[in-house]
Amino acid sequence: MIRPKLPLRRPLAILGAAFLGMTAALAVAAPASAHHSEVKVEGECNTTTGEWDVTWTVRSVAPRDVQKFKFAEVEAQKFVGDTASELTIPGIEVTEGKNYPHPVNQNLEFKQSLPAETTGVAMRMKANWDNQFEENKWAGAEVKFAGTCEKEEEEPPATANPAATVGSDCDGSVVVKLQNGENATAPAKFTVKGSEGFEEKVTVAAGEEKAVAVPAANAGKITVTEEGQKEALYDAAPPAAEDCVEPGEPALSYAMTCDEFIFEIDNPKDGKTFTVTLTPNKGEAKTVTVEPGKVETVTFTAEEGLTVTPKVEGQEGKSLAWEKPEDCESGGGGGEGELPLTGAAAGGIAAGAVLLLAAGVVLYIVARRRRVTFTA
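Residues numbered from 1 in each chain as written. Predicted model: local features only at pLDDT ≥ 70, side-chain atom pairs only at ≥ 80, totals over all residues. Heavy atoms only, no water.

Caption draft 1: Highlighting the nonpolar core. One finds W56, V58, V121 and M123 to be the most contacted residues of the largest nonpolar core, which totals 29 residues. Contributions of two or more residues to this core are made by β1 (36-46), β2 (51-61), β3 (68-80), β6 (107-114), β7 (120-129) and β8 (139-144). Looking at which element gives the most residues to this core, the answer is β7, with 5 residues. Grouped together as the second largest cluster of nonpolar side chains are 19 residues, F263, L278, V308 and L320 included. (Core = buried A, V, L, I, M, F, W, Y, C linked by side-chain atoms within 4.5 Å. Buried < 20%, exposed > 50% of the residue type's maximum accessible area, 1.4 Å probe, protein only. Helix = DSSP H or I, 4+ residues; strand = E, 2+ residues; numbered from the N terminus.)

Right, dumping it as structure tokens:
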């Protein structure tokens, strides 16, 4: 369906005597047989070029044992007002000889652009198939363009507002955050390069951000460039990670929501099985055994004054107090507020003693257990 840029012009009165005969032939065509052709046409004003973009869709239908077809006869016209002239459609051309270049039972698209003064197009065709079957009825389509097609005035060039920050993880890998400011008028096209041939291209829409993970083997030096910027946004060795948990040590992390105090115990794959007991000052204690490579979660119902004390293999850690998040509704009924997850490391499993100590805020809620330091 044509969507004109301006109000509708008067419909075409006549598409030409030759085309009327074509339309009449289509109107009286018998129902499609096992061999038949289907033609559709659509057009739309391209305001960038000021031309009509026309798409012809041809489908040649045939039994399963038929593989290919060719255009045996093609007649096409374009119209400017009431004046018709011959039209050539790239790809829809008569094929001579025994060559059958087109697959059957597929929608084949053929595109072309026509001048703005064009007011309509029409095409009809007959097909021959590689089983020697010849189509004896015309298949075709037409469309009338209503309205005018004009090229829009060019707007000022769109620009991106890119930024990049780089953060290191304790395993040596690096996370590169790519941002495109909300005031940007174009997508930002970043390229992130690392050592040993690492390269990844990322497009970020205005007001959005994406992250690229660079493996440790490729993180010796990071270079971030953006297509519209003359200088690199980042070009240096990334900073070392801080407050890392030693490999093999379990970690206890916790989160506070409006109605729950949530603990998560993460035992790395190279750790040892251990047991954690979490004892609240109100209610019953909860005990979980955590195997290597497993994560266990323990949840307490939150209330004012609630504290929970972790104990691992007989070693008691620091009591942790629940605090209501600031964004909870009055009376504590919201249930949606959540503070960033904080964590505590536990070491010395091999010696039979694990000490849980409160640590700083980690980068992601629940997902990460190691601190990531970001630099612009």
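The structure having been displayed, the exposition proceeds.
Caption draft 2: Expanded view of the environment of V143. Relative to the elements of secondary structure, V143 occurs in strand β8. A C-alpha to C-alpha distance of 7.1 Å links V143 and E42, two positions 101 residues apart in sequence.

Caption draft 3: Spotlight on the pairing of strand β11 (residues 188-193). Strand direction decides the pairing type here: β11 and strand β12 (residues 199-204), joined by 6 bridges, are antiparallel. Directly across from V192, in β12, lies its bridge partner E200. Here β11 folds back onto β12 in antiparallel fashion, the turn holding 5 residues, of which E196 has a positive phi close to 60°. (Pairing = 2+ DSSP bridges.)

Caption draft 4: Examining the packing of aromatic side chains more closely. For the coordinates displayed, the defined rule picks out 8 aromatic pairs. Residue placement shows K286 over the ring face of F300; its charged tip is 4.8 Å from the ring centre. (Phe/Tyr/Trp six-rings, centres within 6.5 Å; stacked < 30°, edge-to-face > 60°. Lys NZ or Arg CZ within 6 Å of the ring centre and 35° of its normal.)

Caption draft 5: Summary view of the state of the cysteines. For the structure shown, the criterion picks out 2 disulfides. There is a disulfide in this structure between C45 and C149, and the S-S distance comes to 2.1 Å. Looking down the S-S bond of the C45 and C149 bridge, the torsion is 85°, so its handedness is right-handed. Note that C45 is positioned in strand β1 and C149 in the loop between β8 and β9 (162-168), a separation of 104 residues in sequence. Disulfide partner of C258: C328, at an S-S distance of 1.8 Å. Judged by the sign of its S-S torsion, about -100°, the cystine formed by C258 and C328 is left-handed. Pair noted here: C258 is in the loop between β16 (251-256) and β17 (260-266) and C328 is in the loop between β23 (320-321) and β24 (342-345), with a separation of 70 residues, a long-range link. (Disulfide = S-S within 2.5 Å.)

Caption draft 6: Quick peek at unusual backbone geometry. Phi at N105 takes a positive value of approximately 55°, unusual for a residue other than glycine. Its place among the elements puts N105 in the loop between β5 (102-103) and β6. On the basis of relative accessibility, which here comes to 30%, the residue N105 falls in the partly exposed class.

Caption draft 7: Examining the side chain of N180 more closely. Looking at the element boundaries, N180 is found in strand β10 (residues 174-180). In this structure N180 comes out as buried when scored by relative accessible area, which is 2%. Setting aside its immediate chain neighbours within four residues, N180 contacts A160, N161, P162, A186, P187, A188, V204, A205, A206, G207 and E208. (Contact = heavy atoms within 4.5 Å.)

Caption draft 8: Quick look at the sheet that holds β11. Across the sheet, which stays open at both edges, the 4 strands sit in the order β12-β11-β14-β15 with antiparallel pairing between neighbours. The open sheet has two edge strands with one neighbour each: β12 and β15 (234-236). Strand-to-strand twist of the sheet, defined as the mean angle between neighbouring strand axes without regard to direction, takes the value 20°. (Axes fitted to C-alpha atoms, helices over the stretch in contact; angles between N-to-C directions.)

Caption draft 9: The arrangement of the sheet that holds β2 in detail. Strand order across the open sheet formed by 3 strands is β1-β2-β6, with antiparallel pairing between neighbours. Among the strands making up the open sheet, the edge pair consists of β1 and β6. Averaged over all adjacent pairs, the angle separating strand axes in this sheet is 20°, with direction ignored.

Caption draft 10: How the structure looks around the pattern of salt bridges. Under the definition given, this model contains 8 salt bridges. A salt bridge links K126 to E73; the shortest N-O distance between them is 4.0 Å. Here K126, found in strand β7, pairs with E73, found in strand β3; they are 53 residues apart in sequence, far enough to count as distant. Since its relative accessible area comes to 13%, K126 is described here as buried. (Salt bridge = Lys/Arg side-chain N within 4 Å of Asp/Glu carboxyl O.)

Caption draft 11: Structural context of the side chain of N218. You can see N218 is positioned in the loop between β13 (209-214) and β14 (222-226). Apart from the residues lying within four places of it in its own chain, the contact partners of N218 are G194, S195, E196 and F198.

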